[in-house]
Amino acid sequence: LRAALTSACPSDTITMNVSGNPIGLTTDLNITQNVTIDANNQVFNVTGGNFVAPGKNITITNASNINVVIIDTSTSSSTPAGNISLTATGIIMLQSLHADSDSTGNAGKGGDITVNAGGNIFTMDILNFSKSVSSGTASNSGDIQLISTGANITTDILIARSLGITGSGNGGIINVQAVSGYSLI
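Residues numbered from 1 in each chain as written. Predicted model: local features only at pLDDT ≥ 70, side-chain atom pairs only at ≥ 80, totals over all residues. Heavy atoms only, no water.

Q: Just checking my understanding: could you explain the overall build of the protein for this structure?
A: Counting secondary structure elements, the protein contains one helix and 16 strands. Here the protein holds 185 residues, and the buried ones make up 45% of them. Expressed as a percentage of contacts within the protein between residues at least 6 apart in sequence, the contacts between residues at least 24 apart total 59%. Of the roughly 8100 Å² of accessible surface on the protein, 50% is carried by carbon and sulfur atoms. (Helix = DSSP H or I, 4+ residues; strand = E, 2+ residues; numbered from the N terminus. Buried < 20%, exposed > 50% of the residue type's maximum accessible area, 1.4 Å probe, protein only. Contact = heavy atoms within 4.5 Å. Areas by Shrake-Rupley, 256 points an atom, 1.4 Å probe, with all protein chains shown as cover.)

Q: Just to check I follow, could you spell out unusual backbone geometry for this structure?
A: A positive phi angle is found at Asn41, which is not glycine, with a value near 65 degrees. When you line up the elements, Asn41 lands in the loop between strand S4 (34–38) and strand S5 (43–52). Residue class for Asn41 comes out partly exposed when judged on its relative accessible area of 45%. For Asn62, which is not glycine, the phi torsion reads 60 degrees and is therefore positive.

Q: Help me understand the packing of aromatic side chains in this model?
A: Pairs of aromatic rings are described using the distance from one ring centre to the other and the angle between the two planes. Tallying each qualifying case throughout the model produces one aromatic pair. A cation over an aromatic ring shows up here: Arg161 above the ring of Phe129, its NZ or CZ 5.6 Å from the ring centre. (Phe/Tyr/Trp six-rings, centres within 6.5 Å; stacked < 30°, edge-to-face > 60°. Lys NZ or Arg CZ within 6 Å of the ring centre and 35° of its normal.)

Q: Whenever I open this one, the pairing of strand S12 (residues 121–132) confuses me. Can you help?
A: Where a strand is regular, its side chains alternate between the two sheet faces. Within S12, ten of the twelve residues are buried, which leaves the element mostly enclosed by the surrounding structure. Taken together, the six bridges between strand S9 (residues 92–98) and S12 define a ladder with parallel strand orientation. Bridging from a neighbouring strand, Ser96 pairs with Asp125 of S12. Inspection of the sheet shows strand S10 (residues 101–103) paired to S12 by three bridges, in the parallel sense. (Pairing = 2+ DSSP bridges.)

Q: I tried to follow the environment of Ser130 on my own but got confused; where do I start?
A: On the secondary structure map, Ser130 appears in strand S12. Those residues in contact with Ser130 that sit more than four places away from it in its chain are Ser101, Ala107, Gly108, Gly110, Ala138, Ser139, Asn140, Ser141, Arg161, Ser162 and Leu163. One polar contact links the side chain of Ser130 to the main-chain amide nitrogen of Ser139, over a distance of 2.8 Å. (Polar contact = N/O pair within 3.5 Å; in protein donor to acceptor, adjacent residues only side chain to side chain.)

Q: Mind showing me how you'd approach the pairing of strand S11 (residues 113–117) here?
A: Alternating residues of S11 divide into Ile113, Val115 and Ala117, all buried, and Thr114 and Asn116, none buried. Inspection of the sheet shows strand S8 (residues 84–88) paired to S11 by five bridges, in the parallel sense. Of the residues in S11, the one forming a bridge with Leu86 is Val115. Where S11 meets strand S13 (residues 144–148), five bridges bridge the pair, whose relative direction is parallel. Residue pairing for S13: Thr114 is matched across the bridge by Gln145.

Q: Is there a simple way to explain the environment of Phe44 in this structure?
A: Within the element layout of this structure, Phe44 appears in strand S5. Spatially, the C-alpha atom of Phe44 lies 8.5 Å from that of Ile60, the residues being 16 residues apart in sequence.

Q: Mind showing me how you'd approach the pattern of salt bridges here?
A: Side-chain pairing between opposite charges can occur once the charged atoms of the two side chains come close. Summed over the entire model, instances satisfying the criterion amount to two salt bridges. Between Asp102 and Lys131 there is a salt bridge whose closest N-O contact spans 3.8 Å. With Asp102 in strand S10 and Lys131 in strand S12, the pair connects residues that are 29 residues apart, well separated along the chain. For Asp102, a relative accessible area of 26% gives the class partly exposed. (Salt bridge = Lys/Arg side-chain N within 4 Å of Asp/Glu carboxyl O.)

As structure tokens, then:
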């Protein structure tokens, strides 16, 4: 799938507009370009592997439901992490969303993470940080926004921080809005 998409899209962004059948990926998908997917009111499933795009943006819009194991736009250098944006009219179920910049020198900015659902949002962890682990400074972390306009948000871990050896940026803003409630498990 990656090779077909990459060769079909010579620009720095892969764009998919889906119609007719639910989208399902059952293997790791390693992307080297920004990704924009219009799910056209279909279900988007990534249940058998990770959706990985270091330093690239991943946007999934117009889905009926989203079921994802891991989306990861993290980097291990001074390159900023990519942003993650997910929008569905129904439920969004996630194991992990990661938009980290983790470096042994100066770390780049963490990516912004936005999740908008018309139904419940379930997740194990959402991590967004800029971290320098041995020397150097950390940039700002990105922001995390979780919005459910129709139900509950349940999560285990939400982290938006900056941690540097010789200096740190600002931690990100975490914004959680739920019509029915928010649970930290």
